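Read off the chains here:
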Amino acid sequence: MPELPDVSVYAESLAAKLGGGVLRRIRIANPFLLRTAVPPINAAEGRSVHGVERLGKRVVIVLQGDVPDEPSQDWFLVLHLMIAGRLHWYPAGAKPPAKGALAFFEFDAGTLVFTEAGTQRRASLHLVVGREALAAMDPGGLEVLQASQAEFDARLLAGKHTLKRALTAPQAFSGIGNSYSDEILHRARLSPVTLTTALGADERARLFNATREVLTEWTERLRDEAARSGGWPKSVTAFRSEMAVHGRFGQPCPVCGAPVQRIVYASNETNYCARCQTGGKLLADRALSRLLKASWPKTLDG
């Protein structure tokens, strides 16, 4: 799932492309995508773009609301990419391919195409009117890059959860998912299964700083990549070779050289370095450790 760095760069790139232009036409290619009926989606056509924002892991296109016979409030197209959704930009005059497209948004400068790979159909589009309606879609997670250590600690200690679960809960922290939580915990040298209530002040400070560093560094990295690709992110993926641990099971940790480990659960996995994060202890895998039972190695050395 695209997370804070990816969604931020999508929003910035789209804002630069649109430049206050007008949304001329919306074509919905797959009806499952649209999750609101009132107002009708075509009522957004003909409105000028006031900006592009990020709401958690959603891209929000802000449209003019001050038109005759209507209350003066902005309209919002809210695009949630979920796991496999992606956005593509085609400049004016270029013909976007129809394959895999869920929706087309035609602006003065070009066409934004919303696609989703696979068949699960989790991506969504909402059209809402007014800031109050937009705020109702916000899970309420803390924006760590605008928060203080005290605010971060308060969210972290609001419940008794593992660090992995706490970081990825959208009600706790905004825009952090499976990929960047792995990177944050590795940077902070903390185990993903440590309970939030077990952290001392020094460990909470390490986690706060690591969260801000990882999100900032990756946003800047993806912003640079987009600039080199014509002002649009071309490769939005959860798995990048430059990552320290996420998606790198069995490969050497860039810090200590130990093989990266993983915990598999449902459709997700947590990647970590046992030497850097858990004192050499291998965390129990819900599937493999139960199968091997007594034969399951407890440490890197077996």
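Refer to the structure presented above.
Residues numbered from 1 in each chain as written. Predicted model: local features only at pLDDT ≥ 70, side-chain atom pairs only at ≥ 80, totals over all residues. Heavy atoms only, no water.

(A) Inspection of the overall build of the protein at higher detail. Per the secondary structure count, the protein includes 8 helices and 10 strands. Taking 302 residues into account, the globule formula puts the C-alpha radius of gyration at 19 Å, and the protein, at 21 Å, falls close to it. The dimensions of the protein, computed from C-alpha atoms along their principal axes, are 70 × 40 × 35 Å. Total accessible area computed for the protein in this model is approximately 14,200 Å², and 51% of it derives from carbon and sulfur atoms. Distance from the positive charge centre (37 side chains) to the negative charge centre (30 side chains) of the protein: 8 Å. (Helix = DSSP H or I, 4+ residues; strand = E, 2+ residues; numbered from the N terminus. Rg over C-alpha atoms; globule rule 2.2 N^0.38 Å. Areas by Shrake-Rupley, 256 points an atom, 1.4 Å probe, with all protein chains shown as cover. Lys, Arg positive; Asp, Glu negative; His and termini not counted. Charge placed at Lys NZ, Arg CZ, Asp CG, Glu CD.)

(B) Spotlight on the side chain of serine 179. With respect to the secondary-structure elements, serine 179 resides in helix H5 (residues 178-188). Owing to a relative accessible area of 3%, serine 179 belongs among the buried residues under this scheme. The contacts of serine 179, once residues within four sequence positions are left out, are Glu3, Ala238, Met243 and His246. (Buried < 20%, exposed > 50% of the residue type's maximum accessible area, 1.4 Å probe, protein only. Contact = heavy atoms within 4.5 Å.)

(C) Looking closely at the pattern of salt bridges. For the structure on display, the rule yields 13 salt bridges. In this structure, the salt-bridge partner of arginine 121 is glutamate 116, at a minimum N-O distance of 4.0 Å. You can call arginine 121 partly exposed: its relative accessible area is 29%. On the basis of relative accessibility, which here comes to 6%, the residue glutamate 116 falls in the buried class. The salt bridge involving lysine 164 is made with aspartate 182; its shortest N-O contact spans 2.7 Å. Of this pair, lysine 164 sits in helix H4 (residues 163-168) while aspartate 182 sits in helix H5, and the two are 18 residues apart along the sequence. Classification of lysine 164 as buried rests on a relative accessible area of 6%. The structure contains a network of salt bridges with shared partners spanning Arg25, Arg27 and Glu106. (Salt bridge = Lys/Arg side-chain N within 4 Å of Asp/Glu carboxyl O.)

(D) Representation of the pairing of strand E4 (residues 75-80). Most of E4 sits inside the fold, with 6 of its 6 residues counted as buried. Along E4, one buried face is formed by Trp75, Leu77 and Leu79 and the opposite face, lined by Phe76, Val78 and His80, is buried too. In this sheet, E4 lies alongside strand E3 (residues 58-63) in antiparallel orientation, the contact comprising 6 bridges. The residue bridging isoleucine 61 from the neighbouring strand is leucine 77, located in E4. (Pairing = 2+ DSSP bridges.)

(E) Seen up close, the sheet that holds strand E1 (residues 22-28). The sheet built from 8 strands is open, its strands ordered E5-E7-E6-E1-E2-E3-E4-E8 with antiparallel pairing. Among the strands making up the open sheet, the edge pair consists of strand E5 (85-91) and strand E8 (124-129). Neighbour-to-neighbour, the strand axes of the sheet open up by a mean angle of 25°, direction not taken into account. Pairing of strand E2 (residues 47-55) with E3 involves 6 bridges; the strand directions are antiparallel. Directly across from valine 49, in E3, lies its bridge partner leucine 63. The strands touched by helix H1 (residues 4-18) within the sheet are E2, E3, E5, strand E6 (101-107) and strand E7 (110-116), with E2 carrying the most contacts at an inclination of about 165°. (Axes fitted to C-alpha atoms, helices over the stretch in contact; angles between N-to-C directions.)

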